[in-house]
2 protein chains.
Amino acid sequence: MCARAMANFGLSEMRLVAPRDGWPQKTRMKKGAISAAAGATSILDRAKLFNDLPAAIADLHHVYATTARFRGQAKPVYAPSAAMGEAQARIMQGQRVGVMFGAERTGLDNDEVGLASALITFPVNPDFASLNLAQAVLLTGYEWFRASQGEALPFAMPQMSPPAKQETLHAFFSYFEAHLDRAGYFFPESKRPVMVRNLRNIFHRLGPSEQDIRSLRGSIDWLLRRGQKSKDDDSDGA
Amino acid sequence: MCARAMANFGLSEMRLVAPRDGWPQKTRMKKGAISAAAGATSILDRAKLFNDLPAAIADLHHVYATTARFRGQAKPVYAPSAAMGEAQARIMQGQRVGVMFGAERTGLDNDEVGLASALITFPVNPDFASLNLAQAVLLTGYEWFRASQGEALPFAMPQMSPPAKQETLHAFFSYFEAHLDRAGYFFPESKRPVMVRNLRNIFHRLGPSEQDIRSLRGSIDWLLRRGQKSKDDDSDGA
């Protein structure tokens, strides 16, 4: 699950310190890991193994330790968003940056936390503060990706038609209001200005495209030519 | 895992639409769910069951659909951070807001996405874009908590001692530089100004507390009184 979360956010270098069950894992457990990695197995295959934490971080310039608990250690404490913003700035300067995560049940011990340059903790509900290891990796990776990629999304709202120009909108207003005038909709006459303003604001808020206006006008045309109020329909207006 | 992620970020109202295996689940599966929820079982116990999606969202004013795939539907597409910022503003205005997540393997279908006011998609590595359901709930909940709680962290760097005043820092500089002068450290004399400036900047960057300065001064005092260079130590300075 950690490898998968890393792959989701473009991270690839996993380092393992003295895994309890050895590495590579025995066949049965390895199968579970491969399934959980959901295709991110190249990260597992290339994971580097270290006997102790100092060796694992020796070549790094700056190391964050993730922790859910207050440690009483005089180190800066960052939210993951702030930490990954800072990490990105350091990497731009040519630094090598790492993030340490503790084992599933125990987390990092105080000596391990002591090796870090700074701490990351997560903004969570204080009544339910426990994140598991893969969740912590996911949130850190997510903030790393946001910091490094500027929150690029895989897609945006399709622009199938350009936004309507004001002249298109105004022509639509004239058309719509002329038909409503003919149908006696603006009544009493004294209310006409505010009724017109309210109706126009609906379409302003919509932020319509040229095609939206054509579609609206087409549907109203159709109603004018073919529409008829059904006999048991008590609703007002068309 | 979804209930747990919700609890982590202070969310409590889970709605389920036509669960494949019924609800409550059969005993064996329920055990798995309770274990994965890691204590957030009250959310499972209070989950509301609906036969279809329109019924599940009927009382909401604004609904986001989460999707990893481009749908070609003319709806605004938000990153989770922007969506949850907007959701928070709507809730402040008294609106009820929901987020729809699809089933694990299939996601939401196009008709389901069609019921949404806007879409949420995740900034992910395009080469490895698949998030599972619990990961999507975790990231959305995380952004919800950040938007609603202002990224409040459970703890900060301890302020065991107030930051050092400039006069404390300057007194330390005088003390340290006087001893270095006596030891002939600043050589040649022409280099003294730049050497002093570089040394002082180390301590400026440190941003020391009053206690930090006392600790530094104490350790230097100790070295002056008791320290001696070991015979086989070739390193320069003390």
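Here's what I pulled together on the structure shown here. (Residues numbered from 1 in each chain as written. Chains lettered and ligands numbered in written order. Predicted model: local features only at pLDDT ≥ 70, side-chain atom pairs only at ≥ 80, totals over all residues. Heavy atoms only, no water.)

Some thoughts on the pairing of strand 3 (residues 62-66) of chain B
Residues and elements named next belong to chain B.
Thought 1: Most of strand 3 is tucked away, with five of its five residues classed as buried.
Thought 2: The alternating pattern of strand 3 places His62, Tyr64 and Thr66 and Val63 and Ala65 on opposite faces, both of which are buried.
Thought 3: Pairing of strand 3 with strand 5 (residues 97-100) involves four bridges; the strand directions are parallel. The residue of strand 5 that forms the bridge with Val63 is Gly98. (Buried < 20%, exposed > 50% of the residue type's maximum accessible area, 1.4 Å probe, protein only. Helix = DSSP H or I, 4+ residues; strand = E, 2+ residues; numbered from the N terminus. Pairing = 2+ DSSP bridges.)

A few points about the packing of helix 8 (residues 166-182) of chain B against helix 10 (residues 210-226) of chain B
Residues and elements named next belong to chain B.
Thought 1: One way to put it is that helix 8 packs onto helix 10 with a least axis distance of 10 Å and a crossing angle of 15°. It follows that helix 8 is roughly parallel to helix 10 by the angle criterion. Considering only the axes of helix 8 and helix 10, their crossing is left-handed. Here helix 8 contributes Thr168, Leu169, Ala171, Phe172, Tyr175, Phe176 and His179 to the contact with helix 10, which in turn contributes Glu210, Ile213, Leu216, Arg217, Ile220, Asp221 and Leu224. (Axes fitted to C-alpha atoms, helices over the stretch in contact; angles between N-to-C directions. Parallel < 35°, antiparallel > 145°, perpendicular 65-115°, else oblique. Left-handed = near helix turned anticlockwise from the far one by under 90°. Contact = heavy atoms within 4.5 Å.)

Some thoughts on empty space enclosed by the protein
Thought 1: For the structure shown, the criterion picks out one cavity of 30 Å³ or more.
Thought 2: When its volume is computed, the largest cavity comes out at roughly 40 Å³.
Thought 3: Taken together, Ala68(A), Thr121(A), Phe122(A), Val124(A), Ala129(A), Leu131(A) and Pro154(B) form the lining of the largest cavity.
Thought 4: Of the residues in the lining of the largest cavity, the class split is six nonpolar, one polar and no charged. (1 Å grid on protein atoms, 1.4 Å probe; cavity = no way out; pocket = protein on both sides within 12 Å on 5 of 7 lines; lining within 4 Å. Points joined across faces, edges and corners; volume = space filled by probe spheres on them. Nonpolar A, V, L, I, M, F, W, Y, C, P; charged D, E, K, R; others polar.)

In short, geometric facts, not functional conclusions.
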